[in-house]
Amino acid sequence: MQKTLAGPMLAQHVPHYYILCVLWIEGINHRSIKISKSETWKKEMSSTTFSGDETAPFFGFLGAAAALVFSCMGAAYGTAKSGVGVASMGVMRPELVMKSIVPVVMAGVLGIYGLIIAVIISTGINPKAKSYYLFDGYAHLSSGLSCGLAGLSAGMAIGIVGDAGVRANAQQPKLFVGMILILIFAEALALYGLIVGIILSSRAGQSRAD
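For clarity, every value in this text was computed on a predicted model and none was experimentally measured. (Residues numbered from 1 in each chain as written. Predicted model: local features only at pLDDT ≥ 70, side-chain atom pairs only at ≥ 80, totals over all residues. Heavy atoms only, no water.)

**Side note on the packing of aromatic side chains**
For the structure shown, the criterion picks out two aromatic pairs. Ring geometry for F58 versus F59: centroids 5.3 Å apart, planes at 75°, classification edge-to-face. Judged by its relative accessible area of 54%, F58 is exposed. Taking 5.0 Å as the distance between ring centres and 65° as the angle between the ring planes, the aromatic pair formed by F59 and Y138 counts as edge-to-face. Taken as a pair, F59 in helix α2 (residues 56–92) and Y138 in helix α4 (residues 134–171) lie far apart in primary sequence, 79 residues in all. Take F59: its relative accessible area is 21%, and that puts it in the partly exposed class. Each residue in the set F58, F59 and Y138 is aromatic and connected to the rest through ring pairs, giving one cluster. Between K99 and the ring centre of F176, over which it is positioned, the NZ or CZ distance is 4.6 Å. (Phe/Tyr/Trp six-rings, centres within 6.5 Å; stacked < 30°, edge-to-face > 60°. Buried < 20%, exposed > 50% of the residue type's maximum accessible area, 1.4 Å probe, protein only. Helix = DSSP H or I, 4+ residues; strand = E, 2+ residues; numbered from the N terminus. Lys NZ or Arg CZ within 6 Å of the ring centre and 35° of its normal.)

**What to know about the environment of M106**
Its location among the elements puts M106 in helix α3 (residues 102–124). Given the relative accessible area of 13%, M106 is considered buried. In this structure, the C-alpha to C-alpha distance between M106 and L183, residues 77 residues apart in sequence, is 7.8 Å. If sequence neighbours within four positions are ignored, M106 has contacts with I158, L183, I184 and E187. (Contact = heavy atoms within 4.5 Å.)

**So, the UniProt feature "transmembrane region" (unreviewed entry) in the protein**
The positions UniProt marks with the feature "transmembrane region" (unreviewed entry) are residues 58–80, 101–121, 141–163 and 175–200. Helix and strand shares over residues 101–121 are 95% and 0% respectively, and the end C-alpha atoms of the span are 32 Å apart. The annotated region residues 175–200 carries 96% helix and 0% strand content, and the separation between its end C-alpha atoms amounts to 38 Å. (UniProt positions renumbered as here; feature names shortened; annotations may be inferred.)

**Section: helix α5 (residues 176–202)**
An ideal rise of 1.5 Å per residue puts 39 Å on 27 residues; α5 measures up with 39 Å between its terminal C-alpha atoms. Those residues of α5 lying buried are F176, M179, I180, L183, A186, E187, A188, A190, G193, L194, G197 and S201. (Expected span 1.5 Å × (residues − 1).)

**What about the pattern of salt bridges?**
One pass over the structure, following the stated rule, counts three salt bridges. Ionic pairing is found between K81 and D163, a salt bridge with its closest N-O pair at 3.9 Å. A residue pair is termed long-range when its members are at least 10 positions apart, and K81 in helix α2 and D163 in helix α4 qualify at 82 residues. Note on K81: relative accessible area 31%, which makes it partly exposed. Its relative accessible area of 12% is what places D163 among the buried residues. A salt bridge links R93 to E95; its shortest N-O distance comes to 2.6 Å. (Salt bridge = Lys/Arg side-chain N within 4 Å of Asp/Glu carboxyl O.)

**Quick look at the packing of α4 against α5**
As a packed pair, α4 and α5 sit with axes 7 Å apart at the nearest point and diverge in direction by 175°. Between α4 and α5, the angle falls in the class roughly antiparallel. Class assignment for the residues of the contact of α4 with α5 results in 19 nonpolar, eleven polar and one charged. (Axes fitted to C-alpha atoms, helices over the stretch in contact; angles between N-to-C directions. Parallel < 35°, antiparallel > 145°, perpendicular 65-115°, else oblique. Nonpolar A, V, L, I, M, F, W, Y, C, P; charged D, E, K, R; others polar.)

Structure representation (structure tokens):
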């Protein structure tokens, strides 16, 4: 009686064993596929991520933006302030307008200084090609701030001097040479910031030997 019952009972349990084995094999295969996918994902992430400090590019890009923004603010103020003086003077002495346009031109050059530093900084930020650390970010930030704030101060000086200078030149032409000298020394302030900005940006990448 036990022998006759063992056959149907084994036949009833065989499908269950078979199903459990299939599920176990599928679980192993699924786990191996998941592990292989995670490994490939890690390899892809390692190939796409940059080396160095992750927060360092923030300071570098901030320096590039500061160089361009502050320099353009100085150029805009100098152009507007001296332009008002040129327009006011041109009503009574229109023949002196082209001669008095010098402050506007010198104020517009300040934006070029900021553009140069911004391009130098932005091209130096490439973490995938070379490690970019906080030292590099701080160097680029100080470079952008030195050029931008120097350009802003020079633009304010050029605007004020240009406005008063062109008005005074319309009444006394002998003041033209003195006005040009004052504008040159005001422009030199932005040039100092440009030189220091280039030197500081060149210091980036020298924090450690790769």
